[in-house]
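This is what each chain is made of:
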Amino acid sequence: MTVQFGYDKKQVIQALRYHFLMRPEIKILLIFINVFAILSAVLFAYKIIQPVSFLMFSLLWFILMLVIWRFLPASIYKRSGTFKDHFIMHFSEEVVTLETERGSKDWTWDSFSKFIESPYFFHLYFDARSFFIIPKEAFVDIAELQQVRQWMKTRITK
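Residues numbered from 1 in each chain as written. Predicted model: local features only at pLDDT ≥ 70, side-chain atom pairs only at ≥ 80, totals over all residues. Heavy atoms only, no water.

### Focus on the pairing of strand β3 (residues 95–100)
For the record, the criterion: Strands pair, by our definition, only if DSSP identifies at least two bridges between them. Secondary structure elements follow DSSP: runs of H or I no shorter than four residues count as helices, runs of E no shorter than two count as strands, and numbering proceeds from the N terminus.
Of the strand pairs in this sheet, strand β2 (residues 87–91) and β3 are connected by 4 bridges, and their pairing is antiparallel. Counterpart to His 90 in the pairing with β3 is Thr 97. From the end of β2 to the start of β3, which pair antiparallel, there are 3 residues. Relative to strand β4 (residues 103–108), β3 is paired through 6 bridges, and the arrangement is antiparallel. For Thr 100, the partnering residue across the bridge sits in β4 and is Gly 103. Hairpin connection between β3 and β4: a loop of 2 residues separates the two successive antiparallel strands.

Listed below in structure tokens is the structure:
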């Protein structure tokens, strides 16, 4: 099966957000910051802390969310030329092949450590930090999409 695709900026930004929010260290950081922000609000309500402390925790929460939600995905999108290329991807039971104007690369299914499905993409991970996203809209019909999904489920087993 063969699919051809390019990337839509808004969808890629959303996929990058999804990737970051799925990272365990980001989840822990978000929980930590949210607990302190809530705790500071409670302590402020009982007049145990000064308004400045509450303001600082609120500001820290706001800055963290802004970085994760806006700045980080946008900076990665701008730095990566990959999202501006056009791709042809071939799927078979043994190999996944990616082609661009510059060349091609083959991967066996066991080259991928895991896959995640987000609303617009399949995220094929090589390791915890490097991955490739494949737009779901690139598939001609639902049967092709389900076939690739099934191959990913059965062949990416790490």
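### Focus: the packing of aromatic side chains
Our working definition: Stacked, tilted and edge-to-face pairs are distinguished by plane angle, under 30 degrees for stacked and over 60 for edge-to-face with tilted covering the rest, among Phe, Tyr and Trp rings (Trp via its six-membered ring) whose centres lie within 6.5 Å. Relative accessibility thresholds used throughout: buried, under 20% of the residue-type maximum; exposed, over 50%; partly exposed, between the two (1.4 Å probe, protein chains only). The criterion for a charge sitting over a ring is simple: Lys NZ or Arg CZ within 6 Å of the ring centre, and within 35 degrees of the ring normal.
All told, the structure shown has 20 aromatic pairs when counted by the stated rule. With a centroid separation of 5.1 Å and an interplanar angle of 50°, the aromatic rings of Trp 107 and Phe 126 are classed as tilted. Here Phe 126 lies in the loop between β6 (121–125) and β7 (131–135) and Trp 107 lies in strand β4, a separation of 19 residues in the sequence. On the basis of relative accessible area, Phe 126 is assigned to the partly exposed category, the value being 25%. Ring pairs connect the aromatic residues Phe 91, Trp 107, Trp 109, Phe 112, Phe 115, Phe 122, Phe 126, Phe 139 and Trp 151, which therefore count as one cluster. Of note, Lys 84 hangs over the ring of Tyr 77, and the distance from its end group to the ring centre comes to 4.6 Å. Its end group placed over the ring of Tyr 125, Lys 114 keeps NZ or CZ at 4.9 Å from the ring centre.

### Points about the sheet that holds strand β5 (residues 114–117)
Our working definition: Every angle, taken between N-to-C directions, lies between 0 and 180 degrees, and every axis is a line fitted to C-alpha atoms, over only the stretch in contact when it is a helix. By definition in these notes, contact holds between two residues if any of their heavy atoms fall within 4.5 Å.
Spatially, 3 strands are ordered β5-β6-β7 in an open sheet, and the strand pairing comes out antiparallel. In this open sheet, the two strands that pair with only one neighbour each are β5 and β7. In this sheet, neighbouring strand axes are inclined to one another by 20° on average, regardless of whether the strands run parallel or antiparallel. Lying on the sheet, helix α1 (residues 9–22) is in contact with β5, β6 and β7; it crosses β6 at an angle near 50°.

### Looking at the pairing of β7
Counting buried residues along β7, 4 of its 5 residues qualify, which places the element largely inside the surrounding structure. Bridge count between β6 and β7: 5 bridges; the pairing is antiparallel. Bridging from a neighbouring strand, Tyr 125 pairs with Phe 131 of β7. The turn joining β6 and β7, which pair antiparallel and follow one another in sequence, is formed by 5 residues.

### A few points about the environment of Val 12
Residue position: Val 12 is located in helix α1. As for Val 12 and Ala 143, which are separated by 131 residues in sequence, their C-alpha atoms are 24 Å apart. Residues in contact with Val 12, not counting those within four places in the same chain, are Tyr 7, Tyr 77, Phe 83, Phe 121 and Ile 133.

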